[in-house]
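Commentary on secondary and tertiary structure
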Amino acid sequence: MAAPPPKQEGAGRSVVGWRRFLWVLLAALAVNLLIVSLFSDRDGWVDVSYSEFVQQLADDNIASVSIEEQTIKGSFRVAVDGLAGRSNPVRVFRTERPAFADDDLVGDLLKKGVLVDAKAPSKGTSWPLVILVNFGPALLIVFGYLWLMRRATGAIGGIASMGKSRALRGDPHAKRVTFADVAGIDEAKGELVEIVDFLRSPARYLAVGARAPRGVLLMGPPGTGKTLLARAVAGEADVPFFSVSAAEFIEMIVGVGASRVRDLFDQAKAVAPSIVFIDELDAIGRARGAGVSFGGVDEREQTLNQVLTEMDGFSANEGVIVLAATNRPDVLDPALLRPGRFDRRIVLNPPDLAGRSAIIAVHTKTVPLADDVHLDDIAASTPGMVGADLANLVNEAALMAARRQHARVTTADFTDALERIVLGAERKIMLTEDDRRRTAYHESGHALLGMLQEGADPVRKVSIIPRGRALGVTFQSPATDRYGLSEAYLRGRIIGALGGRAAEEIVFGDLTSGAEVDLEQVTSIARQMVGRWGMSHAIGPVSVLPEPEFDFGFMTGDGLAPSESTRQLVDSEIRAIVDDCHQRATEILRSHRDLLDRLADQLLAHETLDEADAYAVVGLPVPPTMGR
Ligand code: ADP
Ligand code: MG
Ligand code: ZN
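Below, the structure is looked at part by part. Small disclaimer: the values here were computed from a predicted structure and weren't measured. (Residues numbered from 1 in each chain as written. Chains lettered and ligands numbered in written order. Predicted model: local features only at pLDDT ≥ 70, side-chain atom pairs only at ≥ 80, totals over all residues. Heavy atoms only, no water.)

Glancing now at the site of ligand 1. Surrounding ligand 1, one finds 16 residues, the nearest of these being A183, G223, K226, T227 and H363. Measuring from an oxygen atom of ligand 1, one finds a backbone N or O atom of G223 at 2.8 Å. Contacts to ligand 1 include A388, whose backbone N or O atom sits 3.4 Å from an oxygen atom. For ligand 1, the accessible surface in isolation is 560 Å², of which the surrounding protein chains cover 81%. Mapped onto the shell around ligand 1, the elements with two or more residues apiece are α7 (226-237), α12 (353-363) and α14 (387-403). Taken together, the residues of the shell around ligand 1 sort by class into eight nonpolar, six polar and two charged. When we break the shell around ligand 1 down by domain, the ones giving at least three residues each are domain 2 (168-347) and domain 3 (353-423). (Near = heavy atom within 4 Å. Polar contact = N/O pair within 3.5 Å; in protein donor to acceptor, adjacent residues only side chain to side chain. Areas by Shrake-Rupley, 256 points an atom, 1.4 Å probe, with all protein chains shown as cover. Helix = DSSP H or I, 4+ residues; strand = E, 2+ residues; numbered from the N terminus. Nonpolar A, V, L, I, M, F, W, Y, C, P; charged D, E, K, R; others polar. Domains from an automatic or database assignment.)

Below, the structure written as structure tokens:
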């Protein structure tokens with residue numbers, strides 16, 4: 001469907017933009033005045049002494065004067081050299097006549113044939129130059145402002161287009177994204193399929209009195225495919241689709257956000273049925289009055305208010321559906337979630353095993369795979385990864401294969417790519433023999449506790465090759481997708497994380513700084529157990545800590561504002577858990593010292609042990625993993 005040419009926006013409509021424009025104009029003029037008053041006189045008129053003036057008059061060298069009270073301005077007939085300490089010849093001058101002078105000045109002037117006060121003596125400058133000098137700075141500032149405006153709005157047409165929306169209509173030349181490109185998030189997809197169907201054949205829905213949702217909010221962690229899904233809707237819907245990122249409303253220049261919103265909705269209504277997609281809605285949709293930021297708050301609120309007004313303004317059957325996406329539904333202004341606004345909410349969860357497999361299938365459609373590659377195996381080794389991670393994994397594997405001159409991507413390419421992504425790239429540094437031994441025991445401590453504890457995540461890899469910040473790694477990942485975490489499992493995680501340090505203590509009797517990351521992890525788990533998950537008897541089942549960061553699946557409210565004594569109790573409970581776990585870690589390692597030594601020896605010999613090797617060294621069966 002073709003859109004009518006965009007209406008020329010009446011200049012007076014973007015009120016905010018205009019008010020700001022006037023302010024800039026005023027400021028520019030003020031600056032201008034300052035500059036002119038600072039420079040013009042000093043540059044034009046040269047101050048000379050009254051006696052010098054009388055001397056020049058006697059020499060018949062005064063052409064014209066204008067007299068104002070005691071100040072005399074004038075020009076010489078012939079420019080005078082070396083006057084008032086000037087190096088260049090002086091043509092125009094100014095002087096003060098002493099108040100007590102009783103000479104007959106005007107008489108003398110007229111006698112000498114000087115032109116008196118006919119008009120202000122010309123400084124010999126041309127008109128355009130005068131304008132430039134006097135108004136140049138102001139003009140520069142005004143033009144600079146207009147230029148910025150045009151860049152900000154990306155529009156042509158100067159002031160008239162200030163505040164124009166530049167939402168993207170679906171580009172007919174770009175490759176269309178369809179629902180077939182979206183996998184593994186079937187419930188979310190299903191809901192949007194229904195909305196697309198409504199747009200395609202509204203009559204069927206209206207006949208039975210069904211109402212289209214006005215706003216649909218896609219929410220989920222980053223990388224789960226929100227933007228992708230919205231683009232798929234655009235590709236399928238066959239109606240005009242306006243896409244804009246909320247951050248663009250308020251970037252660059254303040255004061256145009258609200259009018260851009262208005263313009264966007266005007267365009268959409270003109271070609272209804274249509275879809276407006278606002279990505280990263282939280283950029284404008286944060287709760288009003290929350291958070292600190294200077295300047296931007298006002299702007300954001302105005303923009304948000306305008307979105308709300310627009311959404312209230314059209315009736316349900318006008319055929320404009322507003323789609324929005326956010327990673328942070330928790331910070332959204334409640335007004336956005338009220339009935340009649342974003343009343344349909346679709347949650348995109350990280351994909352499960354089957355979902356990951358389907359997503360990998362979508363992304364390997366154009367990638368030649370070796371026969372040994374099984375998508376289910378890759379899916380099984382990537383718990384917790386979202387669509388964007390998997391797309392990246394496929395790409396890294398393809399790069400790896402190309403670098404190794406493989407004609408097809410092999411399983412080894414995939415596992416190495418995964419390792420690189422999860423563990424970081426290997427670092428080429430030489431460790432001293434002492435450091436290697438220490439690292440081998442440290443990692444063996446982690447690995448052994450991971451293998452010996454019932455219910456812990458299986459140990460997939462142990463290595464003493466330095467990567468990123470770490471000198472070695474022990475990589476564990478869950479056997480199945482985990483949805484809830486038990487207290488026993490969390491304690492096991494803490495015990496495992498303390499295992500590296502405990503092993504160093506047992507074997508070497510002293511400590512190094514190498515356990516920093518482990519301790520951060522330990523503290524974070526213990527804190528959440530006590531403060532958010534009610535796993536401490538002394539605190540009880542209340543939430544006393546705010547969530548550290550947005551964490552999908554563990555949404556808590558604001559929590560109890562903890563009193564000083566509660567906070568101390570939290571601290572001591574965290575300490576109690578960590579102390580207890582440290583003791584357990586030390587006990588287990590001490591009683592399996594032989595296994596610890598054996599594992600460390602093998603690591604020193606081979607540098608890296610994979611899952612099968614590691615479990616073989618300690619004489620345990622490899623735990624089963626779902627999907628294999
Ligand atoms: P979000 O907007 O939720 O942060 P995106 O939609 O930008 O995530 O996803 C980034 C990329 O990850 C997509 O372009 C796509 O290549 C891939 N991706 C994410 N989710 C999926 C999915 N469900 N199916 C297929 N590809 C996906
Ligand atoms: Mg996105
Ligand atoms: Zn460690």
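Right, picking up where we left off after that structure.
For the rest of this paragraph, the subject is the environment of F242. Tracing the sequence through the fold places F242 in strand β8 (residues 241-245). By relative accessible area, F242 is classed as buried at 0%. Put simply, F242 and Q267 are 25 residues apart on the chain and 8.8 Å apart in space, counted from C-alpha to C-alpha. (Buried < 20%, exposed > 50% of the residue type's maximum accessible area, 1.4 Å probe, protein only.)

Time to look at the sheet that holds strand β13 (residues 473-476). The three strands are arranged β13-β12-β14 in an open sheet whose pairing can be described as antiparallel. Lying at the two open borders of the sheet, with one neighbouring strand each, are β13 and β14 (608-610). Strand-to-strand, the axes of this sheet are offset by a mean angle of 10°, without reference to chain direction. Both strand β12 (residues 459-463) and β13 contribute to a ladder of four bridges, which runs antiparallel. By the bridge assignment, K461 is partnered in β13 with F475. Contacting β12 and β13, helix α16 (residues 433-452) runs over the sheet at an angle of about 165° to β12. (Pairing = 2+ DSSP bridges. Axes fitted to C-alpha atoms, helices over the stretch in contact; angles between N-to-C directions. Contact = heavy atoms within 4.5 Å.)

A few words now on the coordination of the zinc ion (ligand 3). Around the zinc ion (ligand 3), the protein contributes the donor atoms H442 (NE2), H446 (NE2), D518 (OD) and D518 (OD), at 2.0 to 2.7 Å from the metal centre. Taken together, the four donor atoms surrounding the zinc ion (ligand 3) define angles of 53 to 149° at the centre, an arrangement classified as irregular. Along the chain, the residues donating to the zinc ion (ligand 3) are arranged with the sequence spacing H-x3-H-x71-D. Of this pair, H442 and H446 both sit in helix α16, four residues apart, which is roughly one turn of that helix. A residue is classified by how much of its surface remains accessible, and H446, at 9% relative accessible area, is buried. (Donors = N, O, S within 2.8 Å, 3.2 Å for Na, K, Ca; no water. Tetrahedral: all angles 85-135°; square planar, octahedral: opposite > 155°, others 65-115°.)

Here the focus is helix α5 (residues 186-200). In this model α5 runs 21 Å from its N-terminal to its C-terminal C-alpha over 15 residues, within 8% of the 21 Å that 1.5 Å per residue would give. By the burial criterion, the buried members of α5 are A188, K189, L192, I195, V196, F198 and L199. Taken together, the buried residues of α5 touch α6 (202-207), β7 (215-219), α7, β9 (274-279), β10 (320-326) and β11 (344-347). (Expected span 1.5 Å × (residues − 1).)

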